Structures are given as structure tokens and as C-alpha cells.
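Analysis of the macromolecular model
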Amino acid sequence: MTWASNFRIFCDFGNSSGYDRIAQSGVSTDFKGNWQFWNLSKNTPNGTMSIHKNGQVWHTENEKNSELATIDELEFFKIGDQYHGLIDDVRIYVYSPHLRFFPFIN
């Protein structure tokens, strides 16, 4: 997950052969002055990528079928150079736990 100075979030998932990207524009309060719980997910078999904010679908796109890298192939995890905040937790799953299992702060 990265974002530029125009508050546009980019989410890339893929492998060394290529990747899928989704992007959505936000507002400054999505990133500054408030705690937000973000979840980025990709379901390769059905081609869906989603960005969830505080447990709600914030953006989703279809036809995103590039295979994911394995955990052994994972080379980097980047939160862009414009990010202003703290990161409390990063988790990588090979399956997608249902969002109701993720606690978040309102």
C-alpha cells in the first residue's frame, strides 16, 4: 500500500513475472490525524482485489488474476514515501480470514 501526495492509494499484488494494481483516491483525513485499520486482499481464483478501511470495503476491482508470489519469494513490503504515521501490525496470510475477525478502532 502506498500513496502519493494527492492521497491516492495504490495496492500491488503479484510476483516477479508481473503484478496487478488497484488504486483509489482518498482525502487527507484517511491518512493524517486519525487511526485507520487497513486491510488489503486479493482472491486470485476469482480475480478480486480489495482495499478495506475500518472493516468496510473502500475499493474493489475485478479481473486481477496474476499469481501471487510465495512467502519465500516475497522481496519487499513497502508503505510509500509519503506515509505519515505509525504501523502497528503487518500480517501476511495465504488465505483470507473473514473481516469480522479483524478488530479495529473507530
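It should be emphasised that the depicted structure is a prediction, and the values quoted were computed from it without experimental measurement.

Tracing the sequence through the fold places Val90 in the segment after β6 (56-61). What makes Val90 partly exposed here is its relative accessible area of 44%. On a C-alpha basis, the gap between Val90 and Asn39 in space is 9.6 Å, while along the polypeptide they are 51 residues apart.

Let us now look at unusual backbone geometry. A positive phi is found at Asn54, a non-glycine position, where the angle reads about 50 degrees. Turning to its location among the elements, Asn54 is positioned in the loop between β5 (48-53) and β6. Here the phi dihedral of Glu63 falls at roughly 60 degrees; this positive angle occurs in a residue that is not glycine. Within the secondary structure layout, Glu63 lies in the segment after β6.

On to the nonpolar core. Counting residues in hydrophobic clusters, the biggest one holds eight residues: Phe7, Ile9, Cys11, Ile22, Phe31, Trp38, Met49 and Ile51. Of all the elements in the fold, those that place two or more residues in this core are β2 (8-15) and β5.

An order of β4-β5-β6 is seen for the three strands of this open sheet, with the pairing classed as antiparallel. Two strands in the sheet have a free side with no partner beyond their single neighbour: β4 (38-43) and β6. Between one strand axis and the next, the sheet turns by 20 degrees as a mean value, whatever way the strands run.

Attention now moves to the environment of Asp12. Note on placement: Asp12 falls in strand β2. On a C-alpha basis, the gap between Asp12 and Ile22 in space is 6.8 Å, while along the polypeptide they are 10 residues apart. Aside from chain neighbours lying at most four places away, what touches Asp12 is Tyr19, Asp20 and Arg21. Separated by 2.7 Å, the side chains of Asp12 and Arg21 make a polar contact.

Reading the values: rules and limits
Residues numbered from 1 in each chain as written. Predicted model: local features only at pLDDT ≥ 70, side-chain atom pairs only at ≥ 80, totals over all residues. Heavy atoms only, no water. Helix = DSSP H or I, 4+ residues; strand = E, 2+ residues; numbered from the N terminus. Buried < 20%, exposed > 50% of the residue type's maximum accessible area, 1.4 Å probe, protein only. Core = buried A, V, L, I, M, F, W, Y, C linked by side-chain atoms within 4.5 Å. Pairing = 2+ DSSP bridges. Axes fitted to C-alpha atoms, helices over the stretch in contact; angles between N-to-C directions. Contact = heavy atoms within 4.5 Å. Polar contact = N/O pair within 3.5 Å; in protein donor to acceptor, adjacent residues only side chain to side chain.

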